[in-house]
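Chain by chain, the residues run as shown.
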Amino acid sequence: MSQSASSAQAVESLSLDQLTTLLQQIFERHGTSTAVARVLADNCARAQRDGSYSHGVFRIPGYLSSLASNWVDGQATPKVEDVASGFIRVDAANGFAQPALAAARALLVEKARSAGIAVLAIRNSHHFAALWPDVEPFAEEGLVALSVVNSMTCVVPHGAQKPLFGTNPIAFAAPRADADPIVFDLATSAIAHGDVQIAARKGHELLAGMGVDRRGEPTQDPKAILDGGALLPFGGHKGSALSMMVELLAAALTGGNFSFEFDWSKHPGAQTPWTGQLLIVIDPGKSGGNSFAQRSSELVRQMQAVGLERLPGDRRFKERAKSLLAGIPLAADELARLRALAQ
Ligand code: NDP
Ligand code: PYC
């Protein structure tokens, strides 16, 4: 562990292992099983390492208050159901979605490789994280993966007057020859709810067109959005259609809740949406023809030839490389808070 010199903004750097171990201790200390703690800590530490700050250690208080409110079961054991040659269902048993994915992952890969495509439908689950960690590892194994998860009502469908949809992200990962995979992970709202919270905390204004206040008037004030206001979909009717698709795939198809269907009012402190998640994994080796990974590389080469400088995922991979060299930087006061939570 290294410590930078000086000032109020002192920063300490942890290795991925050190941060994962610390986060695992926190989760276990606050009521999760060891197995669940391991999966959540790994997810959260990797998000912090990659500079996914809205879903890194920033989320720890939300996880802990949800656990303390008995809204989510940190000890849940997911139940995997092998229902068809290309279809797996998992009942997450009111636990987190990532342990449900972990429980079904080997079977999902086996099915995708034998049938060419396989679906994993997770229900009765809580997803409070970035979505890219759920898909990127498949691309590292040569598979194409798509995932969607719905969250909690805070987005006004295009043309409507009141919030209904969640922030509903879509993540996609595809292998690329001799390079990091192609990965994108985007909320279908104009901005993720986590980033609105961060902007409110820092006193930053949002860009125009992201949200409305409690009267439905456009606002750039993140506090007005959080205080009874709502978000808008990205790209007007187009993002709204994608958000609707996420509700259908992540909730209707899995048997999970729509973003508007759960009531956490009797669990003060609850923050983790109780919904569903869908993953689709494809083996591109089944398509015949040229190697998919070579074709991915060719597409990127052509995009770069017309001037593209940044692919989705590039920023994260750069942050990851920096963290590998210098450790994952954490403000000293934040790290002190995390260490206190682990005691
Ligand atoms: P961003 O808008 O920051 O980024 C979306 C995607 O676009 C990323 O893949 C990003 O790559 C890429 N990107 C951003 N800027 C550029 C650019 N200039 N050129 C090329 N690519 C670019 O993310 P969101 O705010 O939409 O989402 C943030 C996170 O919130 C996500 O991880 C999402 O999963 C999570 N989330 C989780 C929810 C849940 O219910 N669990 C709900 C909603 C959001 P890069 O990462 O490299 O910057
Ligand atoms: O940032 O919108 C978000 C979010 C919702 C649930 C987890 N993250």
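Per an unreviewed UniProt entry, the chain goes by the name Delta(1)-pyrroline-2-carboxylate/Delta(1)-piperideine-2-carboxylate reductase and belongs to Pseudomonas weihenstephanensis. Quoted straight from UniProt, the Sequence similarities (unreviewed entry) entry for the chain says "Belongs to the LDH2/MDH2 oxidoreductase family." Among the UniProt annotations of the chain, the heading Subunit (unreviewed entry) holds the following wording: "Homodimer."

(A) Summary view of the site of ligand 2. Taken together, H55, R59, F128, S151, M152, T167, A192, H193, G194 and P273 are the residues near ligand 2. Contacts to ligand 2 include H55, whose side-chain N or O atom sits 2.7 Å from a nitrogen atom. At 2.9 Å, a backbone N or O of G194 approaches an oxygen atom of ligand 2. Protein contact buries 93% of the 250 Å² of open area that ligand 2 shows by itself. Its atoms largely coinciding with the cavity grid, ligand 2 occupies the largest pocket. Considering only residue class, the shell around ligand 2 consists of 4 nonpolar, 5 polar and 1 charged.

(B) Broad picture of the side chain of D283. Mapped onto the elements, D283 comes out in the loop between β12 (274-282) and α9 (292-305). Judged by relative accessible area, which is 10%, D283 ranks as buried. At a separation of 2.9 Å, a polar atom in the side chain of D283 contacts the main-chain amide nitrogen of G285. Leave out the neighbours within four places in its chain, and D283 touches A112, R113, G116 and L143.

(C) Local environment of the sheet that holds strand β10 (residues 218-219). An order of β10-β9-β11 is seen for the 3 strands of this open sheet, with the pairing classed as antiparallel. Each of the sheet's edge strands pairs with one partner strand only, and the pair in question is β10 and β11 (230-231). Two strands pair when backbone bridges link them, and strand β9 (residues 211-212) and β11 are joined in this way by 2 bridges, in the antiparallel orientation. In the strand pairing of β11, V212 is matched with A230.

(D) Molecular detail of helix α4 (residues 97-115). The sharpest bend along α4 comes to roughly 50 degrees, located at A104. What α4 keeps buried is the set A97, Q98, P99, A100, L101, A104, L108, V109, K111 and A112. On its buried side, α4 packs onto α2 (34-49), β3 (79-84), β4 (87-96), β5 (117-126), α5 (132-140) and β12. Downstream of α4 by one or two residues, G116 has phi in the positive range, about 95 degrees.

(E) Spotlight on the sheet that holds β4. Ordered in space as β3-β4-β5-β12-β6-β7-β8, the 7 strands form an open sheet in which the pairing is mixed. Every interior strand has two partners, whereas the edge strands, β3 and β8 (182-186), have only one. When strand polarity is set aside, the average angle formed by the axes of neighbouring strands in this sheet is 10 degrees. Of the strand pairs in this sheet, strand β6 (residues 144-149) and β12 are connected by 6 bridges, and their pairing is antiparallel. The residue bridging A145 from the neighbouring strand is V281, located in β12. Across the sheet, α4 lies against β3, β4, β5 and β12, angled at about 170 degrees from β5, the strand it touches most. Taken strand by strand, α5 contacts β6, β7 (170-174), β8 and β12, and its axis lies near 15 degrees from that of β7.

(F) Looking closely at the layout of surface pockets. If you add up the space inside the largest pocket, you get close to 940 Å³. S54, H55, D185, A192 and D195 are the residues nearest the centre of the largest pocket, which is lined by 42 residues in total. Breaking the lining of the largest pocket down by element, the ones donating at least two residues are β8, α6 (193-202) and α10 (314-326). Among the elements that make up the lining of the largest pocket, the one with the highest residue count is α6 (5 residues).

(G) Seen up close, the packing of aromatic side chains. By the definition in use, this model includes 9 aromatic pairs. Between Y63 and F128 the ring centres are 5.1 Å apart and the planes differ by 85 degrees, which places this aromatic pair in the edge-to-face class. Here Y63, found in helix α3 (residues 60-68), pairs with F128, found in the loop between β5 and α5; they are 65 residues apart in sequence, far enough to count as distant. The burial state of Y63 is the same as that of F128; both residues are buried.

(H) Focus on the site of ligand 1. In the region of ligand 1, 20 residues are neighbours, and A129, D185, A187, G313 and R315 sit closest. Take R310: an N or O atom from its side chain is 2.9 Å from an oxygen atom of ligand 1. Contact with the protein chains hides 74% of the accessible area of ligand 1, taken as 930 Å² for the molecule alone. With respect to the detected pockets, ligand 1 is housed in the largest pocket. Of all the elements in the fold, those that place two or more residues in the shell around ligand 1 are β8 and α10. Classifying every residue of the shell around ligand 1 gives 9 nonpolar, 5 polar and 6 charged.

(I) Region of the structure containing the packing of α4 against α5. At a closest axis distance of 12 Å, the pairing of α4 and α5 adopts a crossing angle of 20 degrees. As summarised for this structure, α4 and α5 are arranged roughly parallel, according to the angle between their axes. When the axes of α4 and α5 are compared, the crossing they make is right-handed. For the pair α4 and α5, the contacting residues are Q98, L101, R105, L108 and V109 in the first and D134, P137 and F138 in the second. Residue composition of the contact of α4 with α5, grouped by class: 5 nonpolar, 1 polar and 2 charged.

Here is what the cut-offs are and how they apply
- Residues numbered from 1 in each chain as written.
- Chains lettered and ligands numbered in written order.
- Predicted model: local features only at pLDDT ≥ 70, side-chain atom pairs only at ≥ 80, totals over all residues.
- Heavy atoms only, no water.
- UniProt positions renumbered as here; feature names shortened; annotations may be inferred.
- Near = heavy atom within 4 Å.
- Polar contact = N/O pair within 3.5 Å; in protein donor to acceptor, adjacent residues only side chain to side chain.
- Areas by Shrake-Rupley, 256 points an atom, 1.4 Å probe, with all protein chains shown as cover.
- 1 Å grid on protein atoms, 1.4 Å probe; cavity = no way out; pocket = protein on both sides within 12 Å on 5 of 7 lines; lining within 4 Å.
- Sits in = over half its atoms within 2 Å of the grid points.
- Nonpolar A, V, L, I, M, F, W, Y, C, P; charged D, E, K, R; others polar.
- Helix = DSSP H or I, 4+ residues; strand = E, 2+ residues; numbered from the N terminus.
- Buried < 20%, exposed > 50% of the residue type's maximum accessible area, 1.4 Å probe, protein only.
- Contact = heavy atoms within 4.5 Å.
- Pairing = 2+ DSSP bridges.
- Bend = angle between axes of the 7 residues up to and from the residue.
- Axes fitted to C-alpha atoms, helices over the stretch in contact; angles between N-to-C directions.
- Points joined across faces, edges and corners; volume = space filled by probe spheres on them.
- Phe/Tyr/Trp six-rings, centres within 6.5 Å; stacked < 30°, edge-to-face > 60°.
- Parallel < 35°, antiparallel > 145°, perpendicular 65-115°, else oblique.
- Left-handed = near helix turned anticlockwise from the far one by under 90°.

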